[in-house]
Amino acid sequence: MKGGDVTKSDYRLLGLVAVALAFAFILNACLGVTVTRRAGAAAPGDEAVTLINAYRAGLGLAPLRTDARLVGAADFHNRWMRDNDCFAHQCPNEPGPGDRATAAGYPSAAVGEVIGRGYQDAAAVVTGWRNSPGHDAILRGRYVDIGCAGLVDSGGPWWTCVVGSAGGSQPLPTATPRQTAPTPAPSPTARPGLPAGWLMEVTGRFGVFGLPRPTGCPALAGLDCLLTLRVDYDLSNWSVTDYLYATYCHRDDVTCRWVRKGR
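Nothing here was measured: the structure is a model prediction, and the numbers come from that model.

Chemist: Is there a simple way to think about helix H5 (residues 122–130) in this case?
Modeler: Note: α-helices contain 3.6 residues per turn, so residues at a spacing of three or four share the same orientation. Inspection of H5 places Ala122, Val125, Val126, Gly128 and Trp129 among the buried residues, and these make up the whole buried set. Looking straight down H5, one finds its buried side chains confined to an arc of 155 degrees; they lie on one side. Buried-residue contacts for H5 involve helix H2 (44–58), strand E2 (111–117), helix H6 (133–139) and strand E4 (158–164). Of the residues that open H5, the one with a side-chain oxygen 3.3 Å from the backbone nitrogen of Ala123 is Asp121.

Chemist: I'm lost on unusual backbone geometry in this one. Help?
Modeler: It is generally the case that most residues other than glycine have a negative phi and that most peptide bonds are trans. Between Gly156 and Pro157 the backbone carries a cis peptide bond, its omega angle lying at 5 degrees. Located in the positive-phi region is Asn93, a residue other than glycine, with phi close to 70 degrees. On the basis of relative accessibility, which here comes to 78%, the residue Asn93 falls in the exposed class.

Chemist: Where do I start with the packing of aromatic side chains in this structure?
Modeler: Aromatic ring pairs are defined here through the distance separating the ring centres and the angle between the ring planes. By the definition in use, this model includes 2 aromatic pairs. Ring centres 5.6 Å apart and planes at 40 degrees place the aromatic pair Phe76 and Trp80 in the tilted group. On the criterion of helical spacing, the pair formed by Phe76 and Trp80 is a turn pair, its members being 4 residues apart in helix H3 (residues 68–84). Residue Trp80 is classed as partly exposed on the basis of its relative accessible area, which comes to 22%. Geometrically, the ring pair formed by Tyr245 and Trp258 is tilted, given 6.0 Å between the ring centres and 40 degrees between the ring planes. Placement of the pair is Tyr245 in helix H7 (residues 238–248) and Trp258 in strand E7 (residues 255–260), with a sequence separation of 13 residues. Judged by its relative accessible area of 16%, Tyr245 is buried. According to the relative accessible area criterion, Trp258 is buried, its value standing at 4%.

Procedures and definitions
Note that residues are indexed from 1 along each chain, following the sequence as it is written. Only residues with pLDDT of at least 70 get local features here, since the model is predicted, and only at 80 or more are side-chain atom pairs given and counted; chain-wide, interface and lining totals rely on the full set of residues. Side-chain measures here rest on the full set of heavy atoms in the structure, leaving out hydrogens and waters. Under the scheme applied here, a residue whose accessible area is under 20% of the maximum for its type counts as buried, over 50% as exposed, and between as partly exposed, the area being computed with a 1.4 Å probe on protein chains only. Counting from the N terminus, the helices are DSSP H or I runs at least four residues long and the strands are E runs at least two residues long. What the arc covers is the set of directions going from the helix axis to the C-beta atoms. Contacts were defined at the residue level, with two residues in contact if any of their heavy atoms lie within 4.5 Å. We call two N or O atoms a polar contact when they sit within 3.5 Å, provided that within protein one can donate a hydrogen and the other can accept it, with sequence-adjacent residues counted only if both atoms are side-chain atoms. Aromatic rings from Phe, Tyr and Trp, taking only the six-membered ring of Trp, are treated as a pair when their centres fall within 6.5 Å; an angle between ring planes under 30 degrees marks them as stacked, one over 60 as edge-to-face, and anything in between as tilted.

From the geometry alone we can't say anything about function, so treat these as descriptive.
Here's what the structure looks like:
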């Protein structure tokens, strides 16, 4: 074949090339649609909310509704823990759970919180919370709103769910803002010992703890004198603190707080 001449075979070859290019274009377009669908998958935090509400439904409890402000507070805490390599409800120099919620625009600091680290998906971390009496009490709590966030990043994945009742008609779980325990959520590895240097204080009426009102303790407005159970984390263990948390800290007439020794 001379230069510049085009034969019938050449036309057939060009036609095959055109068909191949068209097929590649169609295949690429189909793959593009697939990627778009994957990008629309539920976020890890949304999956956690779905699983928690399914668990509550099985117990006959009302579902929690997602509040974007609590989602923001949960995401803030995940990123703070990651950036500071800290796994706690309040890391050094970080606002507390209630302050984080109000800073995100939520109308109340009376919130509960569960956190997790190292769980690879929402199902695993929700199962971990359910298997811990203290955290399970929060999942079962008389809350209305929830915001969950999952952060798949270095040192994690990191998980936080914040619950509250300020947006609904149900009463708040406590008359005063409840401080969240400075103890880590359950871990997929062996549970560490209690954090050193902390005291757990559980305060309520004597009757709450099954004790008679002492003689000489006046009943004011129908209330007994208050009793505070103080647990030294340096001398106690998880079975004691889990029992107290699950039994008393969800009650409206009991206040639980955690303080550093010496303060």
